[in-house]
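What follows is each chain in one-letter form.
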Protein chains: 2
Amino acid sequence: MEMSERKLQILQAIILNYLETAEPVGSRTISRRFLMDLSSATIRNEMSDLEEMGLIEQPHTSAGRIPSSKGYRLYVDQLMKRDTVDDQQMNILMNLLKNKTVQLDSLLREIGDLLSTMTKYPTVVTMPQIKQSALKHLQLMPLDEHSAILVLVTDGNIVRNHVIPLQHEMKETDLYRISDVLNKELSGLSLSQMDLPLIQKIKRDCHVEPEIMESLLNAISDTLEHAKDGDVFTSGATNILSFPEFSDIARARSLMEFFNQKDQILHMVSTEERPVGTGLKIRIGTENTIEQLHDCSIVTANYRYKDRTIGTISVVGPIRMDYQKVVSALEGLMLDFPDLFGKPTGPDIGSLPDSKAN
Amino acid sequence: MEMSERKLQILQAIILNYLETAEPVGSRTISRRFLMDLSSATIRNEMSDLEEMGLIEQPHTSAGRIPSSKGYRLYVDQLMKRDTVDDQQMNILMNLLKNKTVQLDSLLREIGDLLSTMTKYPTVVTMPQIKQSALKHLQLMPLDEHSAILVLVTDGNIVRNHVIPLQHEMKETDLYRISDVLNKELSGLSLSQMDLPLIQKIKRDCHVEPEIMESLLNAISDTLEHAKDGDVFTSGATNILSFPEFSDIARARSLMEFFNQKDQILHMVSTEERPVGTGLKIRIGTENTIEQLHDCSIVTANYRYKDRTIGTISVVGPIRMDYQKVVSALEGLMLDFPDLFGKPTGPDIGSLPDSKAN
DNA sequence: GTTAGCACTCGAAAGGGAGGAGTGCTAACA
DNA sequence: TGTTAGCACTCCTCCCTTTCGAGTGCTAAC
């Protein structure tokens, strides 16, 4: 079967109309709304071809057509154009954001909120894994007789704190002195590199009563061990309740519950690396490995810190989602935060020459 | 109309059955399941009386009865018994919790999660308002040339941190010295007490170059000023999707969106003080001032720190919610965390003598 | 290659009983 | 006087049928 420019136009029209209405699209609708110089009969013939090619499908005999996963795949790979400029609202919010925060984790939260507000789809951000980021600074602070607070500052200015129990009462100055020693020994290392041998070494080098140091270091290494690795932040999850594909409560619930399963989300986004090129990974419907997401599409961007990929930002929507809007929003973000995403290299698969959809 | 023991039993039976089935309860059901020594006709007569008293109502002529708000009010005030012991699962979780954390905010989060797991209803916790809690300790930490991290530890071991910009480069020792001064001046005060005159005073007393101190203190007071006051933590919100009263998507969505409106939640729980006695505030259906909650009931406990009420923990459910389970769970928590809730004084309204519902 | 016309399909919506759960009322009974 | 059996009545729910219409595929003409 030959692919023609006209077929692509029709496919695009179907995708566009189905995005708006969530109803199967008939030949007459296309003839009237998109390609007025062709009769519905002609379009019917073309649609028949498109169906044979597997790009669209018919829910039942006497219904219109809806795009298939393969059809969407073709669309996002070849047909979809980028919105040239992010809209005003986004720019305003973005500027606010840039001036506001320098802590990576809160920045990511705000970006997630922003994306969700912009696109009206839920967003999911996997937070940097604290265990794998390098320690910038460490500080013990007195709390009361039985405990101190350990504050850890890592790459990206992420701050974590933990209350650690003290076996022996310690003076403030002692805590500060130990902090200094630990800083010298540990800064620059990732939390996962702080293993037992290293701790032993510090124990020897540090001129404090051994048993005090012992218990303190144990507490610290405990803390490091249990540092929650891989949090997930979700924003705008309730948006899915406005899509007719989730008017079935069971389906809506299953997806909502997915958003709460942090380990599953982490596993999902980590299984596949992002492709070269646009820097975005798009998973359409059944391309998702997780069954709960077979009715969804996900657009994912990886973010990095110091050239190492450390997490992902995803937009989740129904399969008919507005890929163009989502991709544009994400690419806009990527341009605005080059430190986080690197400059995207742009689409590596050329759009078709003259495909104008309206 | 006289209230009788038997009428109360019937009311209780209706409430119990409606809790299970979410369907109107007929006279025959009660006769078979709850009061087998009475015929359905007798129960019909009593039900007719109960309806006249406004305690139950009929959705339509040929349907059974459902409890009215007034009926539930009578139930929670007079009929409801407490489950004597929290179940095993809860005890296990609770013990885990007690040994785990000493930071008030994470403790509250865990309690919220626990309550939601136990009851299968969503829980909403309003977090302590950091602005109003007393400062325990304060510490400036170096970050890079242009910024430092201000770590604040308040009552309840709540730790907050903020990156603050530095106009002039500062040595680590300087930061520590300033921390010391600030600590001496500020600890014990609530963040809202740290006003401009106080800051001016510190500026004079502190022997650092004035313009450095100036910018630093400005940054700090800025930080204090903008300290987000009143966060809200929600757990188990998706549970509402399992209740038939929210099978209507629009209704479910409206409630889900309510959970995201932090200011509205804060406003709601702060408008009414808790009553003396059990220490729990129960709002049934239209007793809620917020329209989105007219289909819901909320059970709220206040928690305190150093005898000052600083926040609330609420369980939200459909009007037919299992008040007994929820109240027992909350009261169990209150017994287990006397520091947080004070010992509850127990029900101040006596239960009826012999009302056994099964 | 395009289009008008037409028969055909099939889901969605509307109409119409049948069934049944539940009520209120009455009259009889202990 | 309280309790209960019996009965007529109501009205919701379920299911079946019919109707309607949107959309298709095919054919023949342009």
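Residues numbered from 1 in each chain as written. Chains lettered and ligands numbered in written order. Predicted model: local features only at pLDDT ≥ 70, side-chain atom pairs only at ≥ 80, totals over all residues. Heavy atoms only, no water.

## Things to note about the confidence of the model for chain A
All names here are of chain A.
And then number 1: Chain-level statistics for chain A give a pLDDT mean of 84 and a share of 88% at 70 or above.
And then number 2: No element of chain A has a lower mean pLDDT than helix H5 (residues 88-100), at 70, and none a higher one than strand S2 (residues 66-67), at 98.
And then number 3: Low pLDDT, under 50, characterises residues 344-358; the stretch is placed with 29 contacts to residues that sit more than four places away or in other chains. (pLDDT = per-residue confidence, 0-100. Helix = DSSP H or I, 4+ residues; strand = E, 2+ residues; numbered from the N terminus. Contact = heavy atoms within 4.5 Å.)

## So, the interface of chain A and chain B
And then number 1: Contacts between chain A and chain B engage 31 residues on the former and 32 residues on the latter.
And then number 2: Summed over both partners, the interface of chain A with chain B buries about 2700 Å², with 65% contributed by carbon and sulfur atoms.
And then number 3: When the area that chain A buries against chain B is broken down by residue, the three leading residues are Met141, Leu241 and Ile249 of chain A, summing to 20%.
And then number 4: Summed over the shared surface of chain A and chain B, the result is 0 salt bridges.
And then number 5: Those elements giving two or more residues to the side of chain A that touches chain B turn out to be strand S4 (135-144), strand S5 (147-154), strand S6 (158-165), helix H7 (172-186) and helix H10 (249-260) of chain A. (Buried area = accessible area lost by both parts, 1.4 Å probe. Salt bridge = Lys/Arg side-chain N within 4 Å of Asp/Glu carboxyl O.)

## Details of the protein's contact with DNA strand C
And then number 1: Around DNA strand C, the surrounding shell holds 21 residues, and the nearest of these are Arg6, Thr42, Thr61 and Ser62 of chain A together with Ser27 of chain B.
And then number 2: Counting only atoms of DNA strand C within 4 Å of the protein, the fraction found in sugar and phosphate groups is 78%.
And then number 3: Arg6 of chain A is positioned such that a nitrogen or oxygen atom in its side chain is 2.7 Å from a phosphate oxygen of DNA strand C.
And then number 4: A distance of 3.1 Å is found between a phosphate oxygen of DNA strand C and a side-chain nitrogen or oxygen belonging to Thr61 of chain A.
And then number 5: Among the elements of the structure, helix H3 (40-52) of chain A together with helix H3 (40-52) of chain B are those that each provide at least two residues to the surface near DNA strand C.
And then number 6: Among the elements that make up the surface near DNA strand C, the one with the highest residue count is H3 of chain A (4 residues).
And then number 7: For the surface near DNA strand C, the per-class residue count stands at 4 nonpolar, 12 polar and 5 charged. (Near = heavy atom within 4 Å. Polar contact = N/O pair within 3.5 Å; in protein donor to acceptor, adjacent residues only side chain to side chain. Nonpolar A, V, L, I, M, F, W, Y, C, P; charged D, E, K, R; others polar.)

## Re the pairing of S5 of chain A
Residue and element names in this part refer to chain A.
And then number 1: The element S5 is extensively covered by neighbouring structure, given that 8 of its 8 residues are classed as buried.
And then number 2: Where burial is concerned, the two faces of S5 agree: the one with Ser147, Ile149, Val151 and Val153 and the one with Ala148, Leu150, Leu152 and Thr154 are both buried.
And then number 3: Here S4 runs beside S5; their pairing, made up of 8 bridges, is antiparallel. Directly across from Leu140, in S5, lies its bridge partner Leu150.
And then number 4: Here S4 hands over to S5 after 2 residues, the two strands then running antiparallel side by side.
And then number 5: Sheet topology note: the S5/S6 ladder contains 8 bridges and is antiparallel. Residue pairing for S6: Leu152 is matched across the bridge by Arg160. (Buried < 20%, exposed > 50% of the residue type's maximum accessible area, 1.4 Å probe, protein only. Pairing = 2+ DSSP bridges.)

## What about the protein's contact with DNA strand D?
And then number 1: Not every one of the 21 residues close to DNA strand D is listed here, only the nearest: Ser27 and Arg65 of chain A together with Arg6, Thr42 and Ser62 of chain B.
And then number 2: For DNA strand D, the fraction of atoms within 4 Å of the protein that belong to sugar or phosphate moieties is 77%.
And then number 3: A distance of 2.4 Å is found between a phosphate oxygen of DNA strand D and a side-chain nitrogen or oxygen belonging to Thr42 of chain B.
And then number 4: Tallied by class, residues from the surface near DNA strand D come to 4 nonpolar, 12 polar and 5 charged.

## Considerations on unusual backbone geometry
And then number 1: The backbone phi angle of Lys120 of chain A is positive, close to 65°, even though this residue is not glycine.
And then number 2: Looking at the secondary structure, you find Lys120 of chain A in the loop between helix H6 (104-119) and strand S3 (123-126).

## Observations concerning the packing of helix H1 (residues 5-21) of chain B against H3 of chain B
Between two packed helices, the angle of one axis relative to the other and the distance separating the axes together describe the packing.
Residues and elements named next belong to chain B.
And then number 1: Contact pair H1 / H3: the axes reach a minimum separation of 10 Å and the direction vectors enclose 90°. Looking at the two axes, H1 sits roughly perpendicular to H3. For the pair H1 and H3, contact is made by Arg6, Lys7, Ile10, Leu11 and Ile14 and by Thr42, Ile43, Glu46, Met47, Asp49 and Leu50, respectively.
And then number 2: When grouped by side-chain class, the residues that make up the contact of H1 with H3 number 6 nonpolar, 1 polar and 4 charged. (Axes fitted to C-alpha atoms, helices over the stretch in contact; angles between N-to-C directions. Parallel < 35°, antiparallel > 145°, perpendicular 65-115°, else oblique.)

## Considering the domain arrangement of chain A
Residue and element names in this part refer to chain A.
And then number 1: Segmenting chain A into domains produces domain 1 (5-79), domain 2 (87-129 + 230-341) and domain 3 (131-225).
And then number 2: Measuring from the centre of the C-alpha atoms in domain 1 to the corresponding centre in domain 2 gives 28 Å.
And then number 3: With 8 residues of domain 1 in contact, the opposing surface of domain 2 contributes 13 residues.
And then number 4: Around 930 Å² of area is buried between domain 1 and domain 2 when both sides are counted, 62% of it from carbon and sulfur atoms.
And then number 5: When the buried surface of domain 1 facing domain 2 is broken down by residue, Leu19, Tyr72 and Arg73 rank first, second and third, together holding 52% of it.
And then number 6: Remark: the boundary between domain 1 and domain 2 carries 1 salt bridge.
And then number 7: A salt bridge links Arg73 to Glu287; its shortest N-O distance comes to 2.6 Å.
And then number 8: The interface formed by domain 1 and domain 2 holds 3 residue pairs in polar contact (both at pLDDT 80 or more) in total. (Domains from an automatic or database assignment.)

## A look at the sheet that holds strand S6 (residues 158-165) of chain B
Residue and element names in this part refer to chain B.
And then number 1: Pairing in this open sheet of 3 strands is antiparallel, and the strands run S4-S5-S6 from one edge to the other. In this open sheet, the two edge strands, each paired with only one partner strand, are strand S4 (135-144) and S6. Each strand of the sheet is rotated relative to its neighbour by a mean of 20°, with strand direction disregarded.
And then number 2: Lying over the sheet, helix H7 (residues 172-186) contacts S4 and strand S5 (147-154), oriented at roughly 165° with respect to S4.

## Observations regarding the relation of the copies chain A and chain B
And then number 1: Mapping chain A onto chain B is achieved by rotating through 180° and translating by 0.1 Å along the same axis, at an RMSD of 0.1 Å. Such a turn and shift between the copies fits a two-fold axis. The C-alpha atom lying nearest the rotation axis in chain A is that of Ile249 of chain A; the distance is 3.6 Å.
And then number 2: Looking at the interface residues of chain A, 100% of them are also at the interface in chain B, so both copies use one shared face. (Least-squares fit on C-alpha atoms with pLDDT ≥ 70 in both.)

## Observations regarding the side chain of Thr123 of chain B
Residue and element names in this part refer to chain B.
And then number 1: Tracing the chain through its elements places Thr123 in strand S3 (residues 123-126).
And then number 2: For Thr123, a relative accessible area of 0% puts it in the buried group.
And then number 3: Polar side-chain contacts of Thr123 include one of 2.9 Å to the backbone oxygen of Gly112.
And then number 4: If we skip the residues at most four places from it in the chain, Thr123 touches Gly112, Leu115, Ser116, Phe233, Thr234, Ser235, Ser314 and Val315.

## Details of helix H6 (residues 104-119) of chain B
And then number 1: End to end, H6 of chain B covers 22 Å across 16 residues, agreeing with the expected 22 Å (1.5 Å per residue, within 8%).
And then number 2: If you check which residues of H6 of chain B are buried, you get Leu104, Asp105, Leu107, Leu108, Ile111, Gly112, Leu114, Leu115, Ser116, Met118 and Thr119 of chain B. (Expected span 1.5 Å × (residues − 1).)

## A look at the packing of H6 of chain A against helix H12 (residues 323-336) of chain A
All names here are of chain A.
And then number 1: As a packed pair, H6 and H12 sit with axes 10 Å apart at the nearest point and diverge in direction by 150°. Of the two possible hands of crossing, H6 and H12 adopt the one that is right-handed. Taking contact as the criterion, the partners of Ile111, Leu114, Leu115, Met118 and Thr119 in H6 are, on H12, Lys325, Val326, Ala329, Leu330 and Leu333.
And then number 2: Here the contact of H6 with H12 is built from residues that sort into 8 nonpolar, 1 polar and 1 charged. (Left-handed = near helix turned anticlockwise from the far one by under 90°.)

## Some words on the sheet that holds strand S10 (residues 308-318) of chain A
Sheet strands line up and pair through hydrogen bonds in the backbone, either parallel or antiparallel.
Residues and elements named next belong to chain A.
And then number 1: Here 5 strands make up an open sheet; going across it, the order is S7-S3-S10-S9-S8 and the pairing antiparallel. Unpaired on one side and paired on the other, strand S7 (232-235) and strand S8 (280-284) mark the two borders of the sheet. Strand-to-strand twist in this sheet, taken as the mean axis angle between neighbours without regard to direction, amounts to 20°.
And then number 2: Inspection of the sheet shows S3 paired to S7 by 4 bridges, in the antiparallel sense. In the strand pairing of S7, Thr126 is matched with Val232.

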